[in-house]
Amino acid sequence: MFDKKLRTAVVLQARLDSSRLPSKALLPLAGKPAIQRVMEALTPIKADEYALACPEDCVQVFSPLACACGFRLVTGSKDDVLDRYVTACRALGFDNEPCARIIRATGDNPFVFADAASAINEAAIARNADYAAYAELPYGAGVESIAVRALLRAGNEASAAAEREHVCPYIYGHPEIFSLYRPAAPDKWRHPELRLTIDNGDDYRQAFRLAERARQFWEGGMSGEELIETALSRPSFWETSPLPPRTKMPINKKPKIRRSIPAALTVLPALLLCLNVRASELPASAALSSPEINAVENTAPDFERPLRSKAAAALPPRLAAYKQEDRSSTHETESHAEAPQNEEAGSNLLPAYPLPGLEHPLTQSYIQRYTSPALKKWIESTLKAGEPYIAFIRDEIEKRGMPPYLLYLPVIESGFKPQALSSSGASGLWQFMRNSIKPYMRINDWVDERRDFYKSTHAALSKLEAHYREFGDWHLALAAYNSGGGEIARVIKQTGIQDYWKLNEIDKLKKETSVYVPKLLAVYHIVTNPRRFGLNIDWSNEVYEWELIPIPRQVDITLLAEYAGLKQDALRTFNRELLNNVTPPPTPDGKPYELKVRKENAAAVRAALEDGGLPLIRLWRVEKGDTLYSIARRNGVTVGAIAAKNGMNPEEILSIGRILELP
């Protein structure tokens, strides 16, 4: 169903400002920001892409949360939500796919019924409906399935403000143009009297309590029926459930929030809630209050009337719970500790990112170790060595929506040296073994692409993504990258535990793997807080931009650099995969080798390739029985000329497989 002709994307819309409940996207639910809980509730829906569409002013706050949940971040208009969705379609490449569909959800619906969402989308596909949604679901539990062709048409034709402030009014308001499918929800989900959104303070108070009761919805998987049963559970639950935390203000010292206060300040209470910071630990001048957030605790909404309107005994039998991918660790010491502040953010540093596991004793021990005088110098020199590659790797990580701390994995793998070779035979920036390169790279007489910073980066990120899809957790994905996916799968099957830190505690990981993630988190925390740790990152002002230049024939890159007027090692330095300083011949299907050249040198290299004076390279691979004399005779040259060309003794015995350059 989800092939190239019919692709589906889950697109969540959210923003920080709200007239009813400011910064509601960041309010905590079961220990995580509400927007993160929404994304986790959406991931069981079958789709090819998952995206968060938000205004530009939300990027800094939402980006790390989207990365943690595997969502791509797409920015668009703040007030024209319809246009924001059209922009998302184009960003996902869906605008050229007439059969593509969007499953739309909103950031204040943390209890979305993923099973109902999948069912309505499949029904919409079967009926080729432009728009589909279940009626009479609990408010906040449903989604809309929209054909991209209809969404794009609405984006072009809708003109009224009400049609552009929302995504679908123009579509379902014109049944003469669009095909609509709006069936009543099946009995197992039909509870329109329930309200499972967080649109205001009363909603949030109820959602907070329900989240505490329904943690398994995110941690282990819960069907729509089970959520309904939990929401309709006996009144004693509501009497004993905890109230949500809030930031408290000193009496008579509550500052008024004015419209002129920057948006960054209005989100501070919610951020404090997410970070579990006590207001008493802050100076009075630093505390802000939102009337709606304070009303969460001060107002006692009548929960029991709507929740008791249908007896729990009337509920249908539970369905088997679907498997929810665990997007974050549940280890008790792995709460979202203070995110790095990126004190000296520059072009080569990624933004701050919440780091589960930062407070773990192993991580803290490596932070102490790496900030010793000797190892700080090592980190500084390693980052300097990685300067040519960091911007490229950072961009690839951002394109894929992967956690930004992966940028520094080459620090602990290779010291950012493409030519690095371990004692076990792993090679390159990302330290691939020979038996782990397929289908990403190749090794032959001409190249060892493990040392190709460009191809090995794509290979490493693809491999990490594959492990993440298998295990549903980035720390387990890293463990699998280090020790092998089969090893991690075996340990999980043996123990029944799918948590990196818990497996670490019971000593089920290999020694190297047990410190692998702590090392990476420590490096990331140090590098993104350089001033705090006295790190001197001496970034130069050089900008490394790359072009890939096809080389249709074999060329000695030292000669090519000379003819292009470049330094002798200018091309060799960034093409370490070439085993003989010579580009390989085209592949059997005619694809030429692509040379990595700095953008400012690309024109000179192309001109040198087009220059008829650049010598052709003739190479000979030594076979069994070859001698210098036989090779010279077959190619019409002298033994002395071959020896001189290759810097060897004319009497030297040739080893099989050696590549000789012929004059």
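Before reading further, recall that the structure is shown in the block above.
Just so it is clear, the structure is predicted and the values come from calculations on it, not from any experiment.

Q: Mind laying out the side chain of Arg 164, listing which residues take part and the relevant values?
A: One can find Arg 164 in helix α6 (residues 161–164). Reaching out from Arg 164, the side chain makes a polar contact with the backbone oxygen of Ala 158 at a distance of 2.8 Å. Setting aside residues up to four positions removed in sequence, Arg 164 forms contacts with Asp 79, Asp 80, Val 81, Leu 82, Asp 83, Ala 154, Gly 155 and Ala 158.

Q: Outline the pairing of strand β1 (residues 8–13), supporting the account with residue identities and numerical values.
A: Across the six residues of β1, six count as buried, placing the element largely inside the fold. The two faces of β1 match: Thr 8, Val 10 and Leu 12 on one face and Ala 9, Val 11 and Gln 13 on the other face are all buried. Note: β1 against strand β6 (residues 101–106), six bridges, orientation parallel. The residue bridging Leu 12 from the neighbouring strand is Ala 105, located in β6. Note: β1 against strand β4 (residues 49–55), five bridges, orientation parallel. Across the sheet, residue Ala 9 finds its bridge partner in β4, namely Glu 49.

Q: I'd like a rundown of helix α4 (residues 114–127), residues and numbers included.
A: For an α-helix, 3.6 residues make a turn, and residues three or four places apart therefore share a direction. With 14 residues, α4 should cover 20 Å at 1.5 Å per step; its first-to-last C-alpha distance of 20 Å lies within 8% of that length. If you check which residues of α4 are buried, you get Ala 114, Asp 115, Ala 116, Ala 117, Ser 118, Ile 120, Asn 121, Ala 123 and Ala 124. Just downstream of α4, Asn 128 is the residue with a positive phi angle, here 55°.

Q: I'd like to hear about the nonpolar core, residue by residue, with values.
A: Formed by 62 residues in total, the largest nonpolar core has its most connected members in Ile 393, Tyr 405, Leu 406, Tyr 408, Trp 430, Leu 464 and Leu 478. Top contributing element to this core by residue count: helix α25 (residues 516–527), with nine residues. Residues in contact with Leu 464, not counting those within four places in the same chain, are Met 402, Leu 406, Leu 409, Trp 474, Ala 477, Leu 478 and Tyr 481. Ala 34, Ile 35, Phe 71 and Ala 132 belong to the second largest nonpolar core, which has 60 residues in total.

Criteria and cut-off values
Numbers given for residues are sequential positions, taken from 1 along each chain in its written order. Given that the model is predicted, a residue must reach a pLDDT of at least 70 before its local features are reported, and side-chain atom pairs must reach 80 or more before they are shown or counted; all residues, however, enter totals for whole chains, interfaces and linings. The basis for every side-chain value is the complete set of non-hydrogen atoms in the structure, without hydrogens or water. Secondary structure counts use DSSP, requiring at least four H or I residues in a row for a helix and at least two E residues in a row for a strand, with both numbered from the N terminus. Whenever two N or O atoms come within 3.5 Å, that pair is a polar contact, provided that in protein one can donate a hydrogen and the other can accept it, and provided that, for residues adjacent in sequence, both atoms are side-chain atoms. By definition, residues are in contact when any of their heavy atoms lie within 4.5 Å. Here the term buried applies to any residue with accessible area under 20% of the maximum for its type, exposed to any over 50%, and partly exposed to those in between, with areas from a 1.4 Å probe on protein chains only. DSSP bridges decide pairing: two strands pair if at least two such bridges lie between them. For a helix, the expected span equals 1.5 Å multiplied by the number of residues minus one. What makes a nonpolar core is a set of buried Ala, Val, Leu, Ile, Met, Phe, Trp, Tyr and Cys residues whose side-chain atoms join them at distances within 4.5 Å.

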